[in-house]
Amino acid sequence: MWKTLLSTVLVIALTGAAAVRAGEDHDRARAALRAGEVVPLRDILAVVEQEFRGEMLEIELDEKRRRFVYEVKLLTPDGSIIELYYDARTKALLKTEGRGVEDARR
Amino acid sequence: MTRARSLRHRLVLGAAAWIVVALVAGALVITELFRGHLERQVYADLGHHLDQLIAGLEVGPDGTLGLARQLSDPRFRKPYSGLYWQVDGMQQGGILRSRSLWDDMLGLPPDEIERDQAHHHTLSGPADQSLLVLERTVTLPSAQAVRVAVAADAAQVEGVLTAFGRILAVSFAALGLGLLAAAGVQVVLALRPLNALRRRLAEVRDGRSARLAGDFPGEVQPLVDDLNALMEHDAALVERARVQAGNLAHGLKTPLAILANEADALDRKGAHEQAAVLREQVMRMQRMIDYQLAQARAAAAREVPGIRCRLGECVDGLRRALERLHAGRGLLIETDVPDALLFRGEREDCEEILGNLLDNACKWARSRVRLTADSEGDEVRVLIDDDGPGIDAAARAAAFERGRRMDEAVPGSGLGLAIVRDLVELYRGRIALADSPLGGLRVDLRLPAARATEPAVVKPQPARQGGGP
């Protein structure tokens, strides 16, 4: 969790006026999309749906050293909460967290 | 009853057509009403969200627009959740957006017309959702005008409608089947009098009844009354023809008797030749009258329903008469006729047919004549055997010809068997000649039978005059 906090602080410190105005990750997401730095969320969701089963709980966009990462939180059919990290530009799955990740794979 | 002509099929098909049309139309109307109701509910919810959104708008000290507090519905926070809000400036779109819109935004169409009140649009939104949008323009305390919009995914309406439509289809299908079954039952019940009428008509045709009996509904009764009147009229016509034939025969009886007396007178005066000619012609006239009367009776019996006679009684009477007639010859006449056997026709005709055949058998028999009868399906089968010389197979066809006499030595006019043949044909019966097990001729006769279960129809006897066979 501290990483997220840190990155948010970093983002607020480093990004331009557009992000500061609202200061929310969806505004950053839109700005990044328009700058061509990320793919649309619907593409990421399509990848998630293709690879995993489960109900989407939450989505966040993190930025680490000018690299945007989508963090998708899923509730799997057997009741586990898992987190999936996707590269927001390449749609590659970077990391997974939580038990039951393998069970939730299609 | 063919499919195209059947009243029942037509009525049931008609009922099916209007049931299907009514139910389909009903289902469409109900679905549309329900869709309207659902959309009104969605817009009412959107109205509450819009009010909350407008209440939360505030302009910061630096002039930027912000939201004092998050909207209460968590779906505004979840990306692509299907519930969105957005605030547009007059020049710049998407000043503020709900988190659920994420990297997308609502493309509100430019409209200035209805500035003062909320109105709605249908737009396409994130992830190709179809959105119901409620929007209005407000002027902030800072005199800045903004367009405020909230939107909901129409798929929730469509989802509910789909589920509702499925239930509606199943229940309407069940209702339709029920209505169809009820219509079928109604048609069968309504047409029942017609089936009864058909049965009554069959009874009349089979000779079990003289008229259509029973009460029918008001729509059918006039038809039944007309049919009865028609049948009574026919019967009256036939009856009148018979009475006239009888009267004619009766009227001729006295002149014929006078002529016969004249023949006797001529005989006494010694004019034997003229007397013989006269007597012969009188006898021929008498025979012709008998023959035509028999034909009239048979035609009448075929046309008038409900006529029958008991075969056993008829045969018993004939046997007694023939036993007296042939008393001197020591002839044995055996008869075997079940009591229940009924001939569908006039008793006189029965006597005419069987009398002629029995008389013939007695004339030719050496010592024995036997008559047996039994029922065979719809027919009565009568076998008359004798132990006389019989007829060659080759000569049998000629036996029924009018005026043909098999042996000139045996007295008779030669009309008897011809009358028998005509009568049998009029009654749609059959007659055949064969070898008898007694050694002589066998007559194999089939006549229409009447059923014993129905009460006999009492028929007035017509004025009938003239001699026996």
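Along each chain, numbering runs from 1 in the same order as the chain's sequence is written. For this description, chains carry letters from A and ligands carry numbers from 1, given in the order in which they are written. Per-residue local features of the predicted model are confined to residues with pLDDT of at least 70, and side-chain atom pairs are confined, for both listing and counting, to 80 or more; whole-chain, interface and lining totals are unaffected and use all residues.

Here the focus is the overall build of chain B. Across its full length, chain B carries seven helices and 14 strands. When each of the 469 residues of chain B is scored for burial, the buried share is 27%. Once C-beta atoms have been placed from the backbone, residue pairs whose C-beta atoms lie within 7 Å are recorded as contacts. Long-range pairs, those at least 24 residues apart, make up 62% of the contacts in chain B with a sequence separation of at least 6. Under the scheme used here, helices are H or I runs from DSSP no shorter than 4 residues and strands are E runs no shorter than 2 residues, and both carry numbers assigned from the N terminus. The burial label depends on the number of other C-beta atoms within 10 Å of a residue's C-beta. Counts of 20 or more mean buried, 12 or fewer mean exposed, and intermediate counts mean partly exposed, with C-beta atoms placed from the backbone.

In terms of regular secondary structure, chain A is built from five helices and four strands. Across the 106 residues of chain A, 25% fall into the buried class. Excluding contacts between residues fewer than 6 apart, the proportion of contacts in chain A whose partners are at least 24 apart in sequence is 36%.

Looking now at the interface of chain A and chain B. Across the boundary between the two partners, chain A contributes 12 residues, which contact 12 residues of chain B. Of all elements in the fold, only α2 (17–22), α3 (25–34), α4 (41–51) and β1 (55–64) of chain A reach the threshold of two or more residues within the side of chain A that touches chain B. Among the residues forming the side of chain A that touches chain B, the class breakdown is six nonpolar, one polar and five charged. Polar here means any residue other than Ala, Val, Leu, Ile, Met, Phe, Trp, Tyr, Cys and Pro, which are nonpolar, and Asp, Glu, Lys and Arg, which are charged; Gly is therefore polar.

Attention now goes to the pairing of strand β11 (residues 368–376) of chain B. All names here are of chain B. Strand pairing is defined by DSSP finding a minimum of two bridges between the two strands. The sheet contact formed by strand β9 (residues 332–336) and β11 spans five bridges and is parallel. In the sheet register, Thr335 faces β11, and the bridge partner there is Leu371. Note: β11 against strand β12 (residues 379–386), eight bridges, orientation antiparallel. Note on β12: the bridge partner recorded for Arg370 is Asp385. In textbook terms, the turn of a hairpin is the stretch between consecutive antiparallel strands, and for β11 and β12 this stretch comprises two residues, one of which, Gly377, has a positive phi near 65°.

We now examine the sheet that holds strand β2 (residues 67–75) of chain A. The pairing of strands in a sheet happens through backbone hydrogen bonds and is either parallel or antiparallel. Residues and elements named next belong to chain A. One open sheet accounts for four strands, arranged β1-β2-β3-β4; its pairing is antiparallel. The sheet is open, and its two edges are formed by β1 and β4 (93–97), each paired on a single side. Direction aside, neighbouring strands of the sheet carry axes that sit 20° apart on average. In this sheet, β4 lies alongside strand β3 (residues 81–87) in antiparallel orientation, the contact comprising four bridges. Counted as the bridge partner of Glu83 is Glu97 from β4. For every element, the axis is a line fit to its C-alpha atoms; helices are fit only across the contacting stretch, and the angle between N-to-C directions ranges from 0 to 180 degrees.

The next subject is the nonpolar core. All names here are of chain B. Here, a nonpolar core denotes buried Ala, Val, Leu, Ile, Met, Phe, Trp, Tyr and Cys residues that are linked to one another through C-beta atoms within 7 Å. In terms of nonpolar packing, the biggest core is built from 44 residues, with Ala149, Val150 and Ala151 touching the most fellow members. Apart from the residues lying within four places of it in its own chain, the contact partners of Val150 are Leu46, His49, Leu50, Leu53, Tyr84, Trp85 and Leu134. Membership of the second largest hydrophobic core comes to 42 residues, among which are Phe343, Leu371, Leu417 and Leu445.

All names here are of chain B. The geometry of helix α5 (residues 311–325) relative to helix α6 (residues 347–364) is characterised by a closest axis approach of 10 Å and an angle of 40° between their N-to-C directions. Looking at the two axes, α5 sits oblique to α6. As α5 packs across α6, the resulting crossing turns out to be right-handed. In this structure, α5 contributes Leu311, Cys314, Val315, Leu318 and Leu322 to the contact, and α6 contributes Arg347, Cys350, Glu351, Leu354, Gly355, Leu358, Asp359 and Cys362. Here is the rule for angles: anything less than 35 degrees is roughly parallel, anything more than 145 is roughly antiparallel, 65 through 115 is roughly perpendicular, and the remaining ranges are oblique. Each helix crossing is assigned a hand: it is left-handed if the near helix lies turned anticlockwise from the far helix by less than a right angle, otherwise right-handed if that turn is clockwise.

Quick look at the sheet that holds strand β5 (residues 119–124) of chain B now. The strand order across the open sheet formed by five strands is β4-β3-β7-β6-β5 (chain B), and the pairing between neighbours is antiparallel. Strand pairing shows two members of the sheet lacking a second neighbour, β4 (96–97) and β5 of chain B, which therefore form its edges.

Our focus in this paragraph is helix α1 (residues 7–56) of chain B. Here α1(B) is 50 residues long and its end C-alpha atoms lie 73 Å apart, about the 74 Å a rise of 1.5 Å per residue gives. Contact partners of the buried residues in α1(B): β1 (57–59), β3 (83–89), β6 (130–139), β7 (145–153) and α2 (155–205) of chain B. Multiply 1.5 Å by the residue count of a helix minus one, and that product is the helix's expected span.

For α6(B), spanning 18 residues, the distance from its first C-alpha to its last is 25 Å, which sits close to the expected 26 Å at 1.5 Å a residue. By the criterion of burial, α6(B) is predominantly enclosed, with 15 of the 18 residues buried.

Another aspect to go through is the environment of Glu58(A). Summarising the element assignment, Glu58(A) is placed in strand β1. Given 14 C-beta atoms within 10 Å, Glu58(A) falls into the partly exposed group. For Glu58(A), the residues in contact, after removing those within four places along its chain, are Lys73(A) and Lys78(B).

Turning next to the confidence of the model for chain B. Residue and element names in this part refer to chain B. Across chain B, the average pLDDT comes to 83, with 88% of residues at or above 70. Per residue, pLDDT measures the predictor's confidence, with a range of 0 to 100. When mean pLDDT is compared element by element in chain B, α1 scores highest at 93, while helix α4 (residues 272–303) scores lowest at 77. In this model residues 454–469 is a low-confidence stretch, pLDDT under 50, and it forms 33 contacts with partners more than four residues away in sequence or in other chains. At the level of chain-chain contacts, confidence expressed as ipTM amounts to 0.72, with global pTM at 0.55.

Residue and element names in this part refer to chain B. With respect to the helices and strands, Arg10 occurs in helix α1. Exposure remark for Arg10: the 13 C-beta atoms within 10 Å place this residue in the partly exposed category. Residues Arg10 and Val187, 177 residues apart in the sequence, show an inter-C-alpha distance of 9.9 Å.

With that settled, the discussion passes to the confidence of the model for chain A. Confidence in the prediction for chain A averages 79 pLDDT; 78% of positions are at 70 or higher. At the level of individual helices and strands, chain A shows its lowest average pLDDT in α2(A), which scores 37, and its highest in β3(A), which scores 93.

Let us now look at the packing of α6(B) against helix α7 (residues 416–426) of chain B. Residues and elements named next belong to chain B. Axis separation between α6 and α7 bottoms out at 9 Å; the angle between their running directions is 140°. Comparing the axis directions of α6 and α7 gives the class oblique. Here α6 and α7 pass one another in a crossing that is left-handed. Only Gly416, Leu417, Ile419, Val420, Leu423 and Val424 of α7 make contact with α6, whose side of the interface consists of Asp349, Glu352, Ile353, Asn356, Leu357 and Asn360. Looking at the contact of α6 with α7 residue by residue, the classes come out as seven nonpolar, three polar and two charged.

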